[in-house]
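Secondary and tertiary structure notes
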Amino acid sequence: MPYVNVKITPENATAEKKAAIIKGVTSVLVDVLDKNPATTFVVIDVVETEDWGIAGHPVDTYRQISAAHGEISA
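Remember, it's a predicted structure, so these values are computed and weren't measured experimentally.

It is a general feature of regular strands that their side chains alternate between the two faces of the sheet. With 6 bridges joining them, strand β1 (residues 3-8) and strand β2 (residues 41-46) adopt parallel strand pairing. Within β2, the position partnered with Ile8 by the bridge is Val46. Tracing the backbone out of β1, into helix α1 (residues 15-33) and back to the parallel element β2 gives a crossover that is right-handed.

What follows deals with a negative patch on the surface. A contiguous patch of negative charge, built from Glu48, Glu50, Asp51 and Asp60, is present on the exposed surface. When its relative accessible area of 58% is taken as the criterion, Glu50 is described as exposed.

Another aspect to go through is the environment of Val4. Mapped onto the elements of the fold, Val4 is located in strand β1. On the basis of relative accessible area, Val4 is assigned to the partly exposed category, the value being 23%. Sequence separation of Val4 and Val43 is 39 residues, and the distance between their C-alpha atoms is 6.3 Å.

Now for unusual backbone geometry. A positive phi angle, near 55 degrees, is found at Asp34, a position not held by glycine. In this structure, Asp34 sits in the loop between α1 and β2. The class of Asp34 is exposed, set by a relative accessible area of 68%. Phi is positive for Ala55, which is not a glycine, with a value near 55 degrees. As for its position among the elements, Ala55 is in the loop between β3 (53-54) and β4 (57-58).

About the criteria used
- Residues numbered from 1 in each chain as written.
- Predicted model: local features only at pLDDT ≥ 70, side-chain atom pairs only at ≥ 80, totals over all residues.
- Heavy atoms only, no water.
- Pairing = 2+ DSSP bridges.
- Helix = DSSP H or I, 4+ residues; strand = E, 2+ residues; numbered from the N terminus.
- Right-handed = clockwise from strand over helix to strand, strands pointing away.
- Patch = residues over 30% accessible without salt bridge, like charges linked within 9 Å, V, L, I, M, F, W, Y side chains within 5 Å.
- Areas by Shrake-Rupley, 256 points an atom, 1.4 Å probe, with all protein chains shown as cover.
- Salt bridge = Lys/Arg side-chain N within 4 Å of Asp/Glu carboxyl O.
- Lys, Arg positive; Asp, Glu negative; His and termini not counted.
- Charge placed at Lys NZ, Arg CZ, Asp CG, Glu CD.
- Buried < 20%, exposed > 50% of the residue type's maximum accessible area, 1.4 Å probe, protein only.

Right under this line is the structure:
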């Protein structure tokens with residue numbers, strides 16, 4: 001009985017995209033671990049960017065720093 005918790009920031013997190021994440025994660029567990037999809041649980045938590053930190057910075061600040069340095073942002 002797998003339980004997967006996916007945490008994402010809200011940008012572009014439509015109901016359709018969340019449904020695709022749930023379907024995709026379930027499919028991976030079925031394909032790779034031969035799990036029963038009826039007992040596979042996927043929960044998506046949407047975390048505001050001010051509540052998520054990377055490298056000591058809130059996500060928005062981290063993205064600005066990364067963009068200024070030409071890095072791939074989170």
